[in-house]
Amino acid sequence: MNKAIKAEVRAYLRKIRKALPGSFNTKQAVASTLKSQIENYIEDNPDATIDDVIERFGTPETIANEFDVTEFSAEIKKYKLKVLVLSIVSILILSVCIILTVALVEAFNESSFTITDDFDSENDRYNNEVDS
Amino acid sequence: MAGTSDIKEKLKRGYLEMLILQLLSEEDMYGYQLKTEILERSNNLLDLTEGVLYPPLYRMIEKELISERKETVGKRRVRVYYHIEDSGKVFLEYLKSEYKKAMEGVCRVMKWGESNE
């Protein structure tokens, strides 16, 4: 397969995966089978264009329409819930990291002042002793 | 005409699994072979693109009505053959019976096949 048609086939398969309902595994399974059949077709027809591929295999919408969305509604719901939970967990982890970072920076700044204060008071005491 | 492709799609979804199972009950076939058999046997009335066969094939694999096997053809080409399982054969008989009933019902309502049509 030459580079140009390879890129076009990749884009075509991406559109199919996007159009398909269902989980990642479903999309991958169908796209994977299509990919190997497209490769076979292009090997038999080296001059084939992406339009020829689409004519032979169908548009992404035509292929996706063959899935009955109601059959996948439970799967889609589960998938969306998973994405929502992962998003919430990511936001929580990020928030905790930010809070910890801010707390550490504040703690570091405080300890710097403490050291400086201690040094100043030590210095004053020394000076007083010297003076006296 | 607006909406006709939607209707065609819905009708096709109803019989596509049955056609695929029928062909596989005769012999194991790969995707393109299924498409050409359907085209030839339907006298070019059912001209499907190969890609539309894969969703119902995948669906039937999930339900264990059929299975797939990969065969290397030539040096490195891989061809996927589909094979009907026993549960697929049972399901095919069920589909055929239901489809016949539905067709008979539709024909009666539409008065198709009556001499005064």
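Here the structure is a predicted model, which means the values were calculated and not measured.

Q: What's the story with the overall build of chain B in this structure? I'm lost.
A: When helices and strands are counted, chain B shows four helices and three strands. The N-to-C order of helical and strand elements in chain B reads α-β-α-α-β-β-α. Residues classed as buried in chain B amount to 22% of the 117 residues present. Pairs at least 24 residues apart make up 45% of the contacts formed inside chain B by residues separated by at least 6 positions.

Q: What's the story with the pairing of strand 2 (residues 66–73) of chain B in this structure? I'm lost.
A: Regular strands place their side chains on alternate faces of the sheet. Residue and element names in this part refer to chain B. In this sheet, strand 3 (residues 77–84) lies alongside strand 2 in antiparallel orientation, the contact comprising eight bridges. Bridge pairing in strand 3 links Glu-71 to Arg-79. What sits between strand 2 and strand 3 in their antiparallel hairpin is a turn of three residues, with Gly-74 showing a positive phi close to 75 degrees.

Q: I would appreciate a short explanation of the packing of helix 2 (residues 24–44) of chain A against helix 3 (residues 50–57) of chain A in the present structure.
A: Angle between the axes and distance between the axes: these two values describe a pair of packed helices. All names here are of chain A. Running from amino to carboxyl end, helix 2 crosses helix 3 at an angle of 120 degrees, the nearest separation of the two axes being 11 Å. Taken together, helix 2 and helix 3 sit at an angle that is classed as oblique. Classified by chirality, the crossing of helix 3 by helix 2 is right-handed. Between helix 2 and helix 3, the contacting residues are Leu-34, Ile-38 and Tyr-41 on the first element and Val-53, Arg-56 and Phe-57 on the second. Taken together, the residues that form the contact of helix 2 with helix 3 break down as five nonpolar, no polar and one charged.

Q: Help me understand the interface of chain A and chain B in this model?
A: Accessible area lost upon the coming together of the parts serves often as the stated size of an interface. With 17 residues of chain A at the interface, the matching set in chain B holds 15 residues. Per-element accounting of the side of chain A that touches chain B gives the leading share, eight residues, to helix 2 of chain A. When grouped by side-chain class, the residues that make up the side of chain A that touches chain B number six nonpolar, seven polar and four charged.

Q: Would you mind showing me how to read the confidence of the model for chain A here?
A: Low pLDDT means the predicted coordinates in that region are not meant to be read closely. Averaged over all residues, the pLDDT of chain A is 81; the fraction at 70 or higher stands at 80%. Ranking the helices and strands of chain A by mean pLDDT puts helix 3 of chain A first, with 93, and helix 5 (residues 73–131) of chain A last, with 78.

Q: Got a minute to help me understand the environment of Met-18 of chain B in this structure?
A: Residues and elements named next belong to chain B. Mapping Met-18 onto the fold places it in helix 1 (residues 4–26). Separated by 76 residues in the primary sequence, Met-18 and Tyr-94 place their C-alpha atoms 9.5 Å from one another. Dropping the residues within four chain positions of it, Met-18 is found in contact with Leu-92, Leu-95, Lys-96 and Tyr-99.

Q: Help me understand unusual backbone geometry, please; the structure alone is not making it clear to me.
A: Residues and elements named next belong to chain B. With a phi close to 60 degrees, Asn-43 is a non-glycine residue in the positive phi region. Relative to the helices and strands, Asn-43 is located in the loop between helix 2 (31–41) and helix 3 (54–62). Of note in the backbone geometry, Glu-64 takes a positive phi value of approximately 60 degrees without being a glycine. Among the structural elements, Glu-64 can be located in the loop between helix 3 and strand 2. In this structure Glu-64 comes out as exposed when scored by C-beta crowding, with 11 C-beta atoms within 10 Å.

The rules we used
- Residues numbered from 1 in each chain as written.
- Chains lettered and ligands numbered in written order.
- Predicted model: local features only at pLDDT ≥ 70, side-chain atom pairs only at ≥ 80, totals over all residues.
- Helix = DSSP H or I, 4+ residues; strand = E, 2+ residues; numbered from the N terminus.
- Buried ≥ 20, exposed ≤ 12 C-beta atoms within 10 Å, placed from the backbone.
- Contact = placed C-beta atoms within 7 Å.
- Pairing = 2+ DSSP bridges.
- Axes fitted to C-alpha atoms, helices over the stretch in contact; angles between N-to-C directions.
- Parallel < 35°, antiparallel > 145°, perpendicular 65-115°, else oblique.
- Left-handed = near helix turned anticlockwise from the far one by under 90°.
- Nonpolar A, V, L, I, M, F, W, Y, C, P; charged D, E, K, R; others polar.
- pLDDT = per-residue confidence, 0-100.

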